[in-house]
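The residues making up each chain are set out below.
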Amino acid sequence: MRMSLRTGDLVPVVLLAGLALLPFAAAAADEPFFTTFFARVLIYAIAATALNVALGLGGLVSLGHALFLGLGMYSVALPAHFGIANGWVHLAACVASCGVVGLLTGYVSLRTSGIAFIMITLAFAQMGYFLVVSLKQFGGDDGMAISAASEFFGFSLSSGNAVYGVAFCLLVALTVWIARLRSAPFGVTLRAGRQNARRVASVGLALSRYQLTAYVLSAVLCGLAGMLLANLNAYASPSSMSWMVSGELIVMVVLGGMGSVFGPFLGAVAFLGIEEVLKAFTEHWMALFGLLILGVALLGKAGIAGLLARPIRSNSPAGRGAKAPLLAESGVRP
Amino acid sequence: MTFSLLLAQLLNGLQYGVLLFLLAAGLTLVFGIMSFVNLAHGSLYMLGAYAVAVVTGATGSFALGALAALATGTVVGMLLESVAVSRLYRRDHLDHVLATFGLVLFFNEVTRMIWGPQPLFVALPEGLSGTIEIFGFTYPAYRFLIIAVGLAVAVGSSWLIHRTRVGMLVRAGSVNPQMVGALGVNIRLLNAMLFALGAALAALAGAMAAPILSVQSGMGEPVLITTLVVIVIGGIGSVSGAFYAAIIVGLTDTLGRTYLPLLMREFASRDIANAAGPALASMLVYLLMAVVLAVRPQGLFPAHKG
């Protein structure tokens, strides 16, 4: 197990350490808003990390991950609606629903590639969205309030602090796991397939099985983020399944740095942080934010993680460092 | 379930289908030739609707409004192409998704900034607010106009693509853009023109839809996603495929929403039918797309690739 820290990892590690202390500081300062806000950041970081397994490692551009976030949320909301507060039931519902839906949609989606893959994942997410919207007995368009939080052996996720703690531990565990997965045979195969699927196939590896596994894993982990989000908000609504949320998750992953260990975390912090700052600045923050995303797309994909790692990476000029791998990975020969 | 209801629904489906075709025609060409994913196509539809709402409101003339929408679409399309899109052709699809997603947020918020969150309404044009009677059955005249415009654009684009020199280059470009470029054709200019034309058609679709819908920020996204479904079903890059798929999707969606709940009541109890019918109906076109992609990943009517 290789876990040596590089300078590029210093910032996210310090950030994580700071976040570990945050709830205590927020409680001392009597500012519960910060705990709730950063709990949301942590949860989106989990969702982005989950998407990173499919998108960053596998190169599967899924524009439908909000579906799994929503499934996770309704795995809490529906049992709670029928008076079941047992967290293990919620967890089982979440893992089962995300796993089965991920397996089915992944199987069909992976028959296609490129634009069609993006479209079909989007279509599946829209199916889920419209299904929930039309279920009027479960709130439909308005969503449903969750009266009973998930409870694990007496430990209830009813308070912001509890959700924060679980989200933090889950994120740290996931990050460590991703760091190992990247260099494990599974992760290496996925990353190789992203760069050149034909060569991986010629080595004799069934890439699509690896991709399907990554997709399902990604779906289930995203569902866990949904479970936490439902507990934090005490509310589940179809709007969290809309394709805008899928787009936002992609933005977080790319903003932070595709395929990198800390990228999705940094991306979620940056995304929600910028959102909050711009909101204080203007009511129409989304116009600025849209242009910012456009800028990120035009500049390249190394993301924040790439930016932090840059000084030690090579002596190449700043712009080239970010661009060269991009061309190589997209298969475009200059 | 009377005959006139069926006829009305068929016409509604056709009208929805040709609107989808107006959006799909430009998008599928940009998809096919430059393999560019454009999520901001719905924003052009929205801008077209706003243009017609503002100009018709100011001048009272719907025709002027429609012209303004076409002009808006062309100009914004050209601007977008030169500022952002042309820089992204050589990147992978993820960058396209990201950039155009940013543009969607931008356009939605800008329209909200200028015209506020309240929807605008466009009065039906003079002389078209009535109904037309055929076979003893009445149908709104304006919806006939939409169908006529859509079919005219379909015929026009078919002529453009199959009978003109530009169309020949477009067809060649969709098969092998590098080769067409190597033969001395300015493929970038060609694509910029196509992008602007597609944008103008999207704005026209928005203008035609404006009097029957409410014009508001974010109106482009639901129709954009349905348009993506149309393109994937029709086969990416194929305009005739987009036409057939648009009609299929338009009819499936419209008829499904009307008849599926009725049909389900025949087989299931009223409660289940009332709950599941609308749910299933709204998922129908996505289900159709998933089935098409699973069975024929290249789409039903793919463009001929060499």
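Rules used throughout
- Residues numbered from 1 in each chain as written.
- Chains lettered and ligands numbered in written order.
- Predicted model: local features only at pLDDT ≥ 70, side-chain atom pairs only at ≥ 80, totals over all residues.
- Heavy atoms only, no water.
- UniProt positions renumbered as here; feature names shortened; annotations may be inferred.
- Contact = heavy atoms within 4.5 Å.
- Buried area = accessible area lost by both parts, 1.4 Å probe.
- Salt bridge = Lys/Arg side-chain N within 4 Å of Asp/Glu carboxyl O.
- Helix = DSSP H or I, 4+ residues; strand = E, 2+ residues; numbered from the N terminus.
- Buried < 20%, exposed > 50% of the residue type's maximum accessible area, 1.4 Å probe, protein only.
- Phe/Tyr/Trp six-rings, centres within 6.5 Å; stacked < 30°, edge-to-face > 60°.
- Core = buried A, V, L, I, M, F, W, Y, C linked by side-chain atoms within 4.5 Å.
- 1 Å grid on protein atoms, 1.4 Å probe; cavity = no way out; pocket = protein on both sides within 12 Å on 5 of 7 lines; lining within 4 Å.
- Points joined across faces, edges and corners; volume = space filled by probe spheres on them.
- Pairing = 2+ DSSP bridges.

The name given to chain B in an unreviewed UniProt entry is Branched-chain amino acid ABC transporter permease, and the organism recorded there is Aromatoleum diolicum. Among the UniProt annotations of chain B, the heading Sequence similarities (unreviewed entry) holds the following wording: "Belongs to the binding-protein-dependent transport system permease family. LivHM subfamily." Per its UniProt entry, chain B bears the Subcellular location (unreviewed entry) comment "Cell membrane".

Looking at an unreviewed UniProt entry, chain A carries the name Branched-chain amino acid ABC transporter permease, with the source organism given as Aromatoleum diolicum. Turning to chain A, the UniProt record has this under Subcellular location (unreviewed entry): "Cell membrane".

Caption draft 1: Examining the interface of chain A and chain B more closely. Contacts between the two partners involve 50 residues from chain A, matched on the other side by 45 residues from chain B. Note on chain A versus chain B: buried area summed over both sides is about 4200 Å², and carbon and sulfur give 81% of it. Viewed at the interface, chain B and chain A are joined by 0 salt bridges. The greatest single-element share of the side of chain A that touches chain B, amounting to 13 residues, is contributed by helix H5 (residues 115-134) of chain A.

Caption draft 2: Seen up close, the pattern of salt bridges. Residues and elements named next belong to chain B. Here the structure, examined in full by the defined rule, presents 4 salt bridges over all chains. Residue Asp 95 is joined to Arg 91 by a salt bridge in which the shortest nitrogen-to-oxygen separation is 3.3 Å. Take Arg 91: its relative accessible area is 13%, and that puts it in the buried class. With a closest N to O distance of 3.0 Å, Arg 112 and Glu 109 form a salt bridge. Here Arg 112 pairs with Glu 109, and both are found in helix H4 (residues 93-115), just 3 residues apart, close to one helical turn. Looking at Arg 112, the relative accessible area reads 28%, which means it is partly exposed.

Caption draft 3: Main features of the side chain of Thr49(A). With respect to the helices, strands and loops of the structure, Thr49(A) is situated in helix H2 (residues 32-57). Those residues within four positions of Thr49(A) in sequence are excluded, and the remaining contacts are Leu171(A), Leu174(A), Ile178(A) and Pro264(A).

Caption draft 4: Region of interest: the packing of aromatic side chains. Taken as a whole, this structure holds 22 aromatic pairs over all chains when the rule is applied. A centroid spacing of 6.1 Å and a plane angle of 75° characterise the contact between Phe82(A) and Phe138(A), whose relative ring orientation is edge-to-face. Pair noted here: Phe82(A) is in the loop between helix H3 (66-81) and helix H4 (87-109) and Phe138(A) is in the loop between H5 and strand S1 (144-145), with a separation of 56 residues, a long-range link. Ring geometry for Tyr244(B) and Phe301(B): centres 5.1 Å apart, planes at 50°, overall tilted. One end of the pair, Tyr244(B), is in helix H10 (residues 239-267); the other, Phe301(B), is in the segment after helix H11 (270-295), and 57 residues separate them in sequence. Given a relative accessible area of 29%, Phe301(B) falls into the partly exposed group. Through successive ring pairs, a cluster of aromatic residues spans Phe33(A), Phe34(A), Phe37(A) and Phe38(A).

Caption draft 5: Just the nonpolar core, in detail. Core analysis: the biggest nonpolar cluster contains 193 residues, and Met119(A), Ile250(A), Leu39(B) and Met289(B) have the highest contact counts within it. Here this core takes 15 residues from H2(A), the largest share from any one element. For Leu39(B), the residues in contact, after removing those within four places along its chain, are Leu63(A), Trp243(A), Val97(B), Thr100(B), Phe101(B), Val104(B), Leu224(B) and Leu228(B). Of all hydrophobic cores here, the second largest spans 7 residues; its members include Leu57(A), Leu181(A), Phe186(A) and Ala214(A).

Caption draft 6: Structural context of empty space enclosed by the protein. Residues and elements named next belong to chain A. For the structure shown, the criterion picks out 1 cavity of 30 Å³ or more. One number sums up the size of the largest cavity: a volume of about 30 Å³. At the level of elements, helix H10 (243-256) and helix H12 (285-299) are the ones that each hand at least two residues to the lining of the largest cavity. The biggest single contributor to the lining of the largest cavity is H12, with 4 residues.

Caption draft 7: Focus on the side chain of Ser242(A). All names here are of chain A. With respect to the helices and strands, Ser 242 occurs in the loop between strand S4 (235-236) and H10. The class for Ser 242 is buried, based on a relative accessible area of 16%. Beyond its immediate sequence surroundings of up to four residues, Ser 242 is in contact with Ala 66 and Tyr 129.

Caption draft 8: Local environment of the UniProt feature "transmembrane region" (unreviewed entry) in chain B. Following the UniProt record, the feature "transmembrane region" (unreviewed entry) maps to residues 16-37, 44-64, 70-89, 96-115, 141-161, 189-213, 225-251 and 272-295 of chain B here. As annotated, residues 96-115 of chain B has a helix share of 100% and a strand share of 0%, and its two end C-alpha atoms lie 28 Å apart.

Caption draft 9: Quick peek at the pairing of strand S2 (residues 137-140) of chain B. All names here are of chain B. What you see with S2 is a clean split: Phe 137 and Tyr 139 sit on the buried side and Thr 138 and Pro 140 on the side with no burial. By the bridge criterion, 4 bridges tie strand S1 (residues 131-134) to S2 in an arrangement that is antiparallel. Bridging from a neighbouring strand, Ile 132 pairs with Tyr 139 of S2. Between S1 and S2, which follow one another and run antiparallel, lie 2 residues, and Phe 135 among them has a positive phi close to 50°.

Caption draft 10: How the structure looks around the UniProt feature "transmembrane region" (unreviewed entry) in chain A. When the UniProt feature table is mapped to this numbering, "transmembrane region" (unreviewed entry) covers residues 37-55, 88-108, 115-135, 162-179, 200-229, 249-274 and 286-309 of chain A. Across residues 200-229 of chain A, helical content stands at 90% and strand content at 0%; the span's end C-alpha atoms are separated by 38 Å.

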